[in-house]
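Coordinate analysis (summary)
For reference, the chains in residue letters:
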Amino acid sequence: MPDSKVLIYLMRRDLRVSDNPVLHSLVSSKNHGFTHLLPLYVFSAQQLEVKGFISDSNTKSPYREAKSKVGGFWRTGPHRVSFLAECIWDLKEGLEKVGSGLCIRVGMVGDVVDDMLRKIDGKGEIKVGAVWMVGEEGVEESQEESQVKKACREADVEFKLWNDEKYLIDDRDLPLTNIDELSDIFTSYRKTVEPLRDHPREVLLTPTKGSLPPFPPKASIPDQRSPFTIPDTLDNLQSSLLKPLSAHNLVTNPPSYPPSTKSAHPFLGGESQAQDRLNYLITSGNINTYHSTRNGLLGHDFSTKLSAYLSLGCITARQIHASLLAFEDGTNPSFSSVTGYGLGQNDGTKSIRFELLWRDYMRLCTRKFGPKLFRLSGFKAEGEERWSSPSRPSPSSSTSKVRQQIERFLNGTTGMGLIDASLREMYHTGYTSNRARQNVASFLAKHLKIDWRIGAEWYECMLVDYDLSSNWGNWQYLAGVGNDPRGEARIFNPVKQAFDYDPNGDYVKAWVPELRKLSEPAEIFQAWTVREDRREGLGLDGLEWVKDPLLKINFTVNRRGRHVGRPRGDRGGRGGEGGRFPSPEGRRFYSNSSRGGGGGGYGGRGYGSSRGHIRGYGGRGGGGGGRENRTGVMDKVSDYEAAQSSAQ
């Protein structure tokens, strides 16, 4: 096809067909000049481990292991790689439904594009007219963009970087002429874009079958570069991603999955699942109660659980806004039976928009501060001396003591009930609630005074909904070196927080089964308070975290908590998923559609001179595990203030 002109659309965190500006431009513009469209997704060797794609066990990967720089954890652990694989396969099926397809490759993004351009040119069957991709804010992501641009320049191929439109308020509509004008205080920024209901742009139309340029003939597309092979089913794709991660335990002495406890995040990945989840949230009435249930700990429906889909661009914030608007304005008859239909914005829908704006803000902060997001001193560039690490313990500690503290933190054996429950839940399911995440971050950074980046990297590894900006921005916030105006002074009391949000200890006992024989909340939240003569009968005798917790807090309470509202749906119950990597059969999905079952180094993210100072500490498994959040979407500003006014 000498007259062909192929557009390569490199997809990263825009894994959807609907509300997609690149695809929409091809549909709406009749003179784009492209004869074919080649959507391309690359499993980046920099951000996830790819040696499972090598079929020969004796062949080494040309890339170094994808582990974090400070803690040595897998960059992307088992929960998130499973979810990501589902998202990719769902995208592939979605593109095929509109007459296109998806090319999947493995390697460094720049290398893959360079190799593809060279080989396509060498074969001479088709000609590449341009490479398009959506811009991202991260340091590594910007490096990828530069590498792809360089490959295009050398191949004399047009390159275009599109604006990322998965956020609530489009960048082009912000009241900023320069990113340096962005306020370091979220509330100040929020006031410049309110009312939030009025500002998002309209959702773009979804391509219909045959409206996109066709997928190129498969014979014209170069094969995956050796030594990697591309699986042809979803099951094989997940197996390839999980293989290197399951070779060793992710932590020393991993906790067992607690009997009868269910995951709060059993959802499958993909655009179709995201849309079905959003529809469910509205038709079930959960959006109406979100404001009062968002601090819940157990169950599927106390929060939206849309964060994992948002982080990968399976759904956009403006799509969520548009559905909320249709409910509020009474313009979608399928929502007509839901209480509040056509009655305008309520506390629940308002709170959802508030959280979506926080995600926007964290992303803008990443643009403003760049590599400072990953530095111990944060963008404030202060206070490094307040944190310990194995290579730099505090004067009152030692290397061995700090290592032991970190190990017990990762294992969920700190002796602090709420903290241990959250860490174990995250280890087993790839998810833990917003409220719990806040407490865990504060506990590590401000109670134990351990390098907060270790926690941020562990969350990056473990959380299914990991988002670079939200995770690192929120860890900085809670460590006191980010956007929190109270800085170091804000400290969460995990015992009081447990009384407030888990007054009967149901959540703690769900994930720390050793405590299930206890009934007194104070003992559940701090097992060291159980008298020694009772411990043997309760099965607590000999447990290090009971006898010697990492922290003791003397705290009493005369009330039963905040009554944050009984979470809708499941509260734990029976028959939950077992094992570290729950099978798809044990996970919830809404769609009725069937599911098919070059080497070199790379640049860092700007950690500064202290990078790698505990690499290798995690020992036997090389650390890490888990699926995505960024410290997910955490409760912000006013909620922090309310929590802290009584938590100190």
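Residues numbered from 1 in each chain as written. Predicted model: local features only at pLDDT ≥ 70, side-chain atom pairs only at ≥ 80, totals over all residues. Heavy atoms only, no water.

**A word on the overall build of the protein**
Each helix and strand counted, the protein has 22 helices and seven strands in total. Expressed as a percentage of the 648 residues in the protein, the buried residues total 62%. Total accessible area on the protein stands at roughly 24,000 Å², and carbon and sulfur atoms take up 47% of it. (Helix = DSSP H or I, 4+ residues; strand = E, 2+ residues; numbered from the N terminus. Buried < 20%, exposed > 50% of the residue type's maximum accessible area, 1.4 Å probe, protein only. Areas by Shrake-Rupley, 256 points an atom, 1.4 Å probe, with all protein chains shown as cover.)

**Re the layout of surface pockets**
Of the voids in this model, the largest pocket is the one considered here, and its volume is about 450 Å³. If you trace the largest pocket, you find 18 residues lining it, with Leu102, Cys103, Ile104, Arg105 and Lys218 closest to the centre. (1 Å grid on protein atoms, 1.4 Å probe; cavity = no way out; pocket = protein on both sides within 12 Å on 5 of 7 lines; lining within 4 Å. Points joined across faces, edges and corners; volume = space filled by probe spheres on them.)

**Brief notes about the sheet that holds strand 5 (residues 158-162)**
One key point about sheets: their strands pair by backbone hydrogen bonds, in either a parallel or an antiparallel sense. Across the sheet, which stays open at both edges, the five strands sit in the order 3-2-1-4-5 with parallel pairing between neighbours. Two strands bound the open sheet, and with one partner strand each, they are strand 3 (103-107) and strand 5. On average, adjacent strands in this sheet sit at an angle of 25° to one another, irrespective of strand direction. For strand 1 (residues 6-11) and strand 4 (residues 128-134), the ladder comprises five bridges, and the chain directions are parallel. Bridged to Leu10 within strand 4 is Met133. (Pairing = 2+ DSSP bridges. Axes fitted to C-alpha atoms, helices over the stretch in contact; angles between N-to-C directions.)

**Quick notes on the environment of Gly505**
Inspection of the secondary structure puts Gly505 in the loop between helix 17 (494-501) and helix 18 (506-511). Note: C-alpha distance between Gly505 and Arg516 (11 residues apart in sequence) is 9.2 Å. Not counting residues up to four positions away in its chain, the partners in contact with Gly505 are Ile524 and Phe525. (Contact = heavy atoms within 4.5 Å.)

**Focus: empty space enclosed by the protein**
Counted as a void, the largest cavity has a volume near 500 Å³. As for the largest cavity, its lining consists of 33 residues, of which Arg13, Gln47, Arg80, Glu141 and Leu312 are closest to the centre. Breaking the lining of the largest cavity down by element, the ones donating at least two residues are strand 1, strand 2 (36-44), helix 2 (78-97), helix 4 (139-154) and helix 16 (468-479). Taken together, the residues of the lining of the largest cavity sort by class into 11 nonpolar, seven polar and 15 charged. (Nonpolar A, V, L, I, M, F, W, Y, C, P; charged D, E, K, R; others polar.)

**Digging into the nonpolar core**
Counting residues in hydrophobic clusters, the biggest one holds 156 residues, and the most contacted among them are Leu15, Phe43, Tyr189, Ile320, Trp452, Trp458 and Leu515. For this core, the element with the most residues is helix 11 (residues 347-369), which contributes 10 residues. Other than its neighbours up to four places away in sequence, Trp452 contacts Leu373, Arg375, Leu376, Trp387, Leu444, Ala445, Trp472, Trp475, Gln476, Ala479 and Val481. (Core = buried A, V, L, I, M, F, W, Y, C linked by side-chain atoms within 4.5 Å.)

**Regarding the pattern of salt bridges**
Within the structure shown, the criterion is met by 39 salt bridges. Where Asp301 meets Arg277, a salt bridge forms, and the shortest distance between an N and an O atom there is 3.1 Å. On the criterion of sequence distance, the pair formed by Asp301 in the loop between helix 8 (286-293) and helix 9 (307-311) and Arg277 in helix 7 (residues 271-283) is long-range, its members being 24 residues apart. Across the pair, Arg277 and Asp301 agree in class, each one buried. In this structure, a network of salt bridges that share partners links the residues Asp19, Glu165, Asp170, Arg172 and Arg318. (Salt bridge = Lys/Arg side-chain N within 4 Å of Asp/Glu carboxyl O.)

**Thoughts on the confidence of the model for the protein**
Of the residues in the protein, 86% reach a pLDDT of 70 or more, and the chain-wide mean stands at 88. Counting contacts from residues 559-586, a segment whose pLDDT is below 50, to residues more than four positions away or on other chains yields 72 contacts. (pLDDT = per-residue confidence, 0-100.)

**Quick word on the pairing of strand 2**
Walk down a regular strand and you will see the side chains alternate between the two sheet faces. A large share of strand 2 lies buried, amounting to nine of its nine residues. Going residue by residue along strand 2, you find His36, Leu38, Leu40, Val42 and Ser44 tucked away on one face and Leu37, Pro39, Tyr41 and Phe43 tucked away on the opposite face as well. Pairing between strand 1 and strand 2: six bridges, direction parallel. Each bridged residue has a counterpart across the sheet, and for Leu10 the counterpart in strand 2 is Leu40. Note on the crossover from strand 1 through helix 1 (residues 21-28) to strand 2: the handedness is right-handed. Tracing the backbone out of strand 2, into helix 2 and back to the parallel element strand 3 gives a crossover that is right-handed. (Right-handed = clockwise from strand over helix to strand, strands pointing away.)

**A short note on the environment of Tyr341**
Structurally, Tyr341 can be placed in the loop between helix 10 (317-329) and helix 11. Between the C-alpha atoms of Tyr341 and Ile282, which are 59 residues apart in sequence, the distance is 9.7 Å. Apart from residues no more than four positions distant in its own chain, Tyr341 is found in contact with Ala326, Phe327, Gly330, Thr331, Asn332, Pro333, Phe335 and Ser336. Here Asn332 takes part through its backbone oxygen, which lies 3.1 Å from a polar atom of the side chain of Tyr341. (Polar contact = N/O pair within 3.5 Å; in protein donor to acceptor, adjacent residues only side chain to side chain.)

**Structural notes on the state of the cysteines**
Per the stated rule, a full pass over the model turns up zero disulfides. The thiol of Cys314 is unpaired, and the distance to the nearest cysteine sulfur, on Cys87, comes to 3.5 Å. Residue class for Cys314 comes out buried when judged on its relative accessible area of 0%. (Disulfide = S-S within 2.5 Å.)

**Digging into the packing of aromatic side chains**
The tally for this structure, following the rule as stated, stands at 21 aromatic pairs. Seen in terms of ring centroids, Phe43 and Phe53 are 5.7 Å apart; in terms of plane orientation they differ by 35°. Their pairing is tilted. With Phe43 in strand 2 and Phe53 in the loop between strand 2 and helix 2, the pair connects residues that are 10 residues apart, well separated along the chain. With a centroid separation of 5.9 Å and 70° between ring planes, the pair formed by Trp452 and Trp472 is classed as edge-to-face. You can see Trp452 sitting in helix 15 (residues 452-462) and its partner Trp472 sitting in helix 16, a full 20 residues away along the chain. Since its relative accessible area comes to 0%, Trp452 is described here as buried. Across from the ring centre of Phe34, 5.5 Å away, lies the NZ or CZ of Lys5, which sits over that ring. (Phe/Tyr/Trp six-rings, centres within 6.5 Å; stacked < 30°, edge-to-face > 60°. Lys NZ or Arg CZ within 6 Å of the ring centre and 35° of its normal.)

**Things to note about the side chain of Ser442**
Tracing the chain through its elements places Ser442 in helix 14 (residues 434-447). Apart from the residues lying within four places of it in its own chain, the contact partners of Ser442 are His447, Ile491 and Phe492.

**Some points on helix 3 (residues 109-123)**
Here helix 3 spans 21 Å end to end across 15 residues, near enough to the 21 Å set by a 1.5 Å rise per residue. Regarding helix 3, the residues found buried are Val109, Gly110, Val112, Val113, Asp115, Met116, Leu117 and Ile120. Contacts from the buried residues of helix 3 go to strand 1, strand 2, strand 3, strand 4 and helix 4. Gly124 lies just past helix 3 and shows a positive phi near 75°. (Expected span 1.5 Å × (residues − 1).)

**Details of the packing of helix 3 against helix 4**
Following both chains from N to C, one finds helix 3 and helix 4 inclined at 15°, their axes separated by 8 Å at the closest point. The angle between the axes of helix 3 and helix 4 places the two elements in the roughly parallel class. The handedness of the crossing between helix 3 and helix 4 is right-handed. When helix 3 is examined against helix 4, the residues Val109, Gly110, Val113, Asp114, Leu117 and Arg118 are found in contact with a partner set consisting of Glu144, Gln147, Val148, Ala151, Cys152 and Glu154. (Parallel < 35°, antiparallel > 145°, perpendicular 65-115°, else oblique. Left-handed = near helix turned anticlockwise from the far one by under 90°.)

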